[in-house]
Structures are given as C-alpha cells and as structure tokens.
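Descriptive structure summary
Residues per chain, in single letters:
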Amino acid sequence: MRNEVDTGRMRPRSTPPLLALLASPRLRERVRKVLRLGNVGRIIGPAAFTDSWSELRALAACNPGSPALADTFHGPGCPFDAASEATSGTWGRATPVICFSPLDPDLVRRMNEAGMTLAGHLRPGVDDKPHTINATILGSIDIQCALGLRRRVRQSANPFAAEAFGHALDLAFAPCAVSELAKRLGTAERTLRYRCRGYRIPSPSRLLSLARIFTIQRLAEWSGQPYGAVAVALGFSHQANYRRRTRGVLGLTPTDLGRRGSHDYVARTIIDRLS
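Here the structure is a predicted model, which is why all the values come from computation and not from measurement.

**Some words on the overall build of the protein**
- A tally of helices and strands in the protein yields 13 helices and six strands.
- Computed over its C-alpha atoms, the radius of gyration of the protein comes to 19 Å, within 12% of the 19 Å expected for a compact globule of 275 residues.
- Reported as C-alpha extents along the three principal axes, the dimensions of the protein are approximately 55 × 40 × 35 Å.
- Out of the 275 residues in the protein, the part that is buried amounts to 52%.

Here it is, written out as structure tokens:
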C-alpha cells in the first residue's frame, strides 16, 4: 500500500486527512496546491493518496466525514464491480465522494446503488480550477451533518423557510450579502425581508448568520481546530468578530456554545426559530 501524505502548512492541531484515489498526476498536484494555498487546508489535510478502492475504503472507515476524491471508476475493485468487496455496504454514507469525471448520469446512479454519498462532481478541464476544487472539498466535509439539519428543517418548517435556510447553508462558507440570498430565491431583497416577517422567521441577515455559525461550529468540532481559526478560514477577519457574531445572534460565545453541544445546540436553535 502506498499511502502518500503531504505535510502541508503547520496547524494548531492535526486534522483529518483528505482522501484521494487519483490516477492523474496533474490532479494529484492540483490537490496538493489547493491544500497548500486554499482556505480548506486549514480545516482538512494532509492528503492521503491511495492506489486502490480497497485502500481508500479502509482509510474512509477510519476517517468518517473526510471527503474522498476519485477519478478511477473502472477496473477490478471499483465500487461497481460485482466481485468487489466495496459493494458489501461498508462504505456507508459517512464518506463524501467527489468525482473527477465527465458528466455521466449512469455513474451517479451506480454510486447511489453502491451506498455512496456523491458530494461533488468536477469535470476534468472544465470546472477543476483550484478555487473550484477548494470550494467543493470545503462544502463536502462531513456533509451528512449538514444534510441531516436540512432534513430536520424541512420536516418542521414551512416550505419557504426551509428553502431560504437551505440556500443560506449553501452560502455559509464565505461572507455573503442578503442580496445574494434574495437572488437565489428569485426575489427582491425588500420582498425577502417582508416574507420573513410574514412567516415570523429570522430576518435574511439572521438566517445567513445562523447558517454561518452552524457551519463554523460543526467544521471546528469535526476537524479539531479552534473555532476562531475555522471562522477566519471561512472569511471572518478576526476571531473576535466571530465571537461578537455569536453573541449578537445567540447571546453566547463560541466557548459557551461548545459547552452546550456546539453545532447540535445551534441546530436545535435553528429548528426552533424556523418552526
């Protein structure tokens, strides 16, 4: 087994690895560059490159929530091979898989049948620029946690609130203006604010803040990194600004949130305020 690990930048604590099964040397080098220069490298990494699906699956079992990048979906041992151990169901849904491959609906179907979570799909030579890879990895980390909150919100909130918060979660990885949320919902900012008041849910800016806080808390907990470091990686100019945000929105500091359950507490608060 070749398990090539890149050391990357110094971090306050070790982070879970980024998993990869990449036959393309170009893609391997691009992933190294993304982890070295992108903000995602402060939350995940180093990269663990493997030679087979069985090796990748073994690493995935030890690192739930770590995204797995792959560009090899053929040959012995692939997840769709009837004789492969990878079809035994041990993948589960905890491993977010990012495909480097041409668009192929059949590939998506076969991955779903194999019990895999398709978290991203990047087309070689089309949308595999470093900033796109960075954003895709960042949005895929521990994705089942975010998907779980989306399901709970859909079950308890009205359709408009669920849709608005879903878009807020999509936008939570970087600073975002209310105008961008309104654009995604296909409405004017004034109309969006009016509808939030009408449904008695938090204002658009509060929705964005709640989504940001939840995302930072869950990524910090998952990665083992300090909340302030993750907040800075996701666009806060200083960790003190994140503390002010959590106090203003929730009346608690990040440390207080950690004592109350961190992202689980934030998730419960979100569901309560949207219901």
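From this point, the narrative continues.
**So, the confidence of the model for the protein**
- For the protein, per-residue confidence averages 90 on the pLDDT scale, and residues scoring 70 or more make up 90% of the total.
- Overall, residues 1-12 carries pLDDT values under 50, and its contacts beyond four positions in sequence, including any with other chains, amount to 32 contacts.

**Here we look at the side chain of glutamine 217**
- If you trace the backbone, glutamine 217 turns up in helix α9 (residues 204-223).
- Since its relative accessible area comes to 0%, glutamine 217 is described here as buried.
- Sequence-distant contacts of glutamine 217, defined by excluding residues within four places in its chain, comprise Tyr227, Tyr242, Pro254, Leu257, Ser262, His263 and Val266.

**Side note on helix α7 (residues 178-185)**
- For α7, the set of buried residues is Val178, Leu181, Ala182 and Leu185. The buried residues of α7 occupy an angular sector of 100° when the element is viewed end-on, so they sit on one face.
- Turning to α7, the residues buried within the fold contact α6 (159-170), α8 (189-198) and α9.
- Positive phi appears at glycine 186, one or two residues downstream of α7, with a value of about 70°.

**Quick word on the pattern of salt bridges**
- Here the structure, examined in full by the defined rule, presents twelve salt bridges.
- A salt bridge links arginine 184 to aspartate 170; the nearest nitrogen and oxygen atoms lie 3.6 Å apart. You can see arginine 184 sitting in helix α7 and its partner aspartate 170 sitting in helix α6, a full 14 residues away along the chain.
- Looking at arginine 184, the relative accessible area reads 38%, which means it is partly exposed.

**Comments concerning the packing of aromatic side chains**
- Applying the stated criterion across every chain yields a total of three aromatic pairs.
- Ring geometry for phenylalanine 236 versus tyrosine 242: centroids 5.4 Å apart, planes at 70°, classification edge-to-face. Each member of the pair, phenylalanine 236 as well as tyrosine 242, is classed as buried.

**Brief notes about unusual backbone geometry**
- With an omega of 10°, the peptide bond running from glycine 45 to proline 46 counts as cis.
- Take proline 46: it is sitting in the loop between α1 (25-37) and β3 (47-49).
- Of note in the backbone geometry, aspartate 142 takes a positive phi value of approximately 50° without being a glycine.
- Even without a glycine there, the phi angle at arginine 200 is positive, about 55°.
- Note on placement: arginine 200 falls in the loop between α8 and α9.
- A residue is classified by how much of its surface remains accessible, and arginine 200, at 75% relative accessible area, is exposed.

**Focus: the environment of phenylalanine 214**
- Note that phenylalanine 214 resides in helix α9.
- Classification of phenylalanine 214 by relative accessible area gives buried; the value is 1%.
- Each C-alpha atom of the pair phenylalanine 214 and alanine 119 lies 19 Å from the other, and the pair is 95 residues apart in sequence.
- Discounting residues that sit within four places of it in the chain, phenylalanine 214 has contacts with Cys145, Ala146, Leu149, Leu169, His263, Val266, Ala267 and Ile270.

**Description of helix α5 (residues 143-156)**
- Relative to the 20 Å expected for 14 residues at 1.5 Å per residue, α5 spans 20 Å between its end C-alpha atoms, a close match to the ideal helical length.
- Those residues of α5 not exposed but buried are Ile143, Cys145, Ala146, Gly148, Leu149 and Val153.

**Considering the pairing of strand β6 (residues 117-122)**
- With five bridges joining them, strand β5 (residues 96-100) and β6 adopt parallel strand pairing. Among the inter-strand pairings, isoleucine 98 is bridged to a residue of β6, identified as glycine 120.

**Structural notes on the pairing of β5**
- Within β5, five of the five residues are buried, which leaves it mostly tucked inside the rest of the structure.
- Of the two faces of β5, the one lined by Pro96, Ile98 and Phe100 and the one lined by Val97 and Cys99 are each fully buried.

Each value, and the rule that gives it
- Residues numbered from 1 in each chain as written.
- Predicted model: local features only at pLDDT ≥ 70, side-chain atom pairs only at ≥ 80, totals over all residues.
- Heavy atoms only, no water.
- Helix = DSSP H or I, 4+ residues; strand = E, 2+ residues; numbered from the N terminus.
- Rg over C-alpha atoms; globule rule 2.2 N^0.38 Å.
- Buried < 20%, exposed > 50% of the residue type's maximum accessible area, 1.4 Å probe, protein only.
- pLDDT = per-residue confidence, 0-100.
- Contact = heavy atoms within 4.5 Å.
- Arc of directions from axis to C-beta.
- Salt bridge = Lys/Arg side-chain N within 4 Å of Asp/Glu carboxyl O.
- Phe/Tyr/Trp six-rings, centres within 6.5 Å; stacked < 30°, edge-to-face > 60°.
- Expected span 1.5 Å × (residues − 1).
- Pairing = 2+ DSSP bridges.

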